[in-house]
Amino acid sequence: MTDQPTYDTGLVAHGIDTTRPSVARVYDYFLGGKDNYEADRELYRQIMKIAPEAPEWARANRRWLKDVVTWLAEDRGVRRFIDAGSGLPTAENTHQIAQRVKPASEVVYVDNDPSVVAHGRALLLDNDRTRFVAADLTKPADVLADPAIRQLLAPGEPVALVMALMLHHIADYEQTREIAREYVDALPPGSFLAITHACNPGDGGPVDVLVTELADKVRHAFPTLAFRTVEEISSLFGEMEILEPGVVRLVDWHVPGGRPEEEPEAGVRDAIYGGVGRKR
Ligand SMILES: C[S@@+](CC[C@H](N)C(=O)[O-])C[C@H]1O[C@@H](n2cnc3c(N)ncnc32)[C@H](O)[C@@H]1O
């Protein structure tokens, strides 16, 4: 078996199943990536019929990631990052953003998608301050026991744990809260948790209607995907101090003391929320 796709069987190296869409690959396709297959592109087309603004959600999410990581590295002196649910490598990855500000920044990526493990790993490991852990984030004890994570946490310096568009892939809400709590408990004081998450206001309004239809459409492919209310997303921060401007629409998020971006396109406004918390 080689590292190259073997399209005839629908299976490729490292357990990649090309016959079913993968979250990482569909998302990567929204960002213009190349590591995708017909099953991913078919789901993309179905999503686009309901939410043609979805690629803008993905781009807004990457802009948010860049803003948050840059701000944490530049203004809050963070040198250690865990990118949990990193996805396939794209134009600007967490280590590139952080190490541009501070070359000594260390980043550990975690993901369990076979495509990310197989194709992403090499590209994300372009220097010795960057590591990749192939693990299931719903098992915090296993992830926290990994040597790369232990090494990152060992000095007791503040760490930024980034969980961008990841926690909404855990269906059960209480389990999601518990998982977030276990990770935060393991972080040194002064650490940060940065989350973006799919939102359904649950108010019967247009966003509720849109994301309910979207959730129905993708359920066969992503059965654990959970859109949550702003209150539910906020409570994933547990006891942390949620920093300005709070848990808000992604497009309204700005670095504390900064200003929001220009007014976004209408469609992207309400379906993805983000926020940053600080451990006291
Ligand atoms: C939509 S992508 C987001 C990628 C990136 N964080 C971003 O925001 O641009 C979600 C990623 O989370 C990963 N993921 C979902 N559930 C996971 C789990 N239980 N363990 C590890 N990774 C997971 C998926 O494999 C995918 O790469």
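Residues numbered from 1 in each chain as written. Predicted model: local features only at pLDDT ≥ 70, side-chain atom pairs only at ≥ 80, totals over all residues. Heavy atoms only, no water.

**Brief notes about the environment of Arg79**
As a reminder, the rule being used: Counting from the N terminus, the helices are DSSP H or I runs at least four residues long and the strands are E runs at least two residues long. Residue burial is assigned from relative accessible area. The probe radius is 1.4 Å, only protein chains are included, and a residue is buried under 20% of its type maximum, exposed over 50%, and partly exposed in between. Working rule for contacts: check all heavy atoms of both residues, and any pair within 4.5 Å makes them a contact.
Secondary-structure assignment places Arg79 in the loop between helix H3 (54–74) and strand E3 (80–84). Looking at Arg79, the relative accessible area reads 25%, which means it is partly exposed. The sequence separation of Arg79 and Glu157 amounts to 78 residues, and the corresponding C-alpha distance is 8.4 Å. Those residues in contact with Arg79, other than ones at most four positions away along the chain, are Ala73, Lys102, Ala104, Ser105 and Glu106.

**Description of the nonpolar core**
Short version of the rule: What makes a nonpolar core is a set of buried Ala, Val, Leu, Ile, Met, Phe, Trp, Tyr and Cys residues whose side-chain atoms join them at distances within 4.5 Å.
The biggest cluster of nonpolar side chains holds 50 residues, and the ones touching the most others in it are Ile47, Trp57, Trp64, Leu72, Phe81 and Val276. Counting 32 residues, the second largest nonpolar core, distinct from the first, contains Leu167, Val184, Leu236 and Met240.

**A look at the pattern of salt bridges**
Stated precisely, the cut-off is as follows: When a carboxyl oxygen of Asp or Glu is within 4 Å of a side-chain nitrogen of Lys or Arg, the pair counts as a salt bridge.
If you walk through the whole model with that rule in mind, you get 16 salt bridges. Notably, a salt bridge pairs Glu38 with Arg41, separated by 3.5 Å at the nearest N-O pair. Note that Glu38 and Arg41 are positioned in helix H2 (residues 38–50) at a spacing of three residues, about one turn of the helix. Measuring nitrogen to oxygen at the nearest pair gives 2.9 Å for the salt bridge that ties Arg63 to Glu56.

**Digging into the confidence of the model for the chain**
Convention followed: pLDDT gives the predictor's per-residue confidence on a scale running from 0 to 100.
Confidence in the prediction of the chain, expressed as mean pLDDT, is 90, and 91% of residues score 70 or more. The low-confidence segment residues 1–11, where pLDDT is below 50, has 20 contacts with residues more than four positions distant or belonging to other chains.

**Comments concerning the side chain of Arg249**
Note the cut-off: For this analysis, a polar contact is any N or O atom pair within 3.5 Å, provided that within protein one partner can donate a hydrogen and the other can accept it, and provided that sequence-adjacent residues contribute only side-chain to side-chain pairs.
Along the chain, Arg249 falls in strand E9 (residues 248–249). Take Arg249: its relative accessible area is 17%, and that puts it in the buried class. Within polar-contact distance, the side chain of Arg249 engages the side chain of Asp252 at 2.6 Å.

**Some points on the site of the ligand**
Filter applied, for reference: Here a residue counts as near a molecule or strand whenever at least one of its heavy atoms sits within 4 Å of it. Throughout, the Shrake-Rupley method with a 1.4 Å probe supplies accessible areas, and for residues the shown protein chains are the sole cover considered. A pocket here means an open set of points on a 1 Å grid, computed over the protein atoms alone, that has protein on both sides within 12 Å along at least five of seven lines. A cavity is instead a set of points where a 1.4 Å probe fits but cannot get out; residues with an atom within 4 Å of a point line either one. Being in a pocket or cavity means that more than half of the molecule's atoms lie within 2 Å of its grid points. For this classification, the nonpolar set comprises Ala, Val, Leu, Ile, Met, Phe, Trp, Tyr, Cys and Pro, the charged set comprises Asp, Glu, Lys and Arg, and every other residue, Gly included, is treated as polar.
Taken together, the neighbourhood of the ligand is formed by 19 residues, with Tyr27, Asn61, Arg62, Gly85 and Asp111 sitting nearest. Within the side chain of Tyr27, a nitrogen or oxygen atom sits 2.6 Å from an oxygen atom of the ligand. Within the side chain of Asp136, a nitrogen or oxygen atom sits 2.8 Å from a nitrogen atom of the ligand. Coverage of the ligand by the protein chains reaches 93% of its 590 Å² of free accessible surface. Of all the cavities here, the one that holds the ligand is the largest pocket. Per-element tally for the shell around the ligand: the top contributor is helix H1 (residues 23–30), with three residues. Tallied by class, residues from the shell around the ligand come to eight nonpolar, seven polar and four charged.

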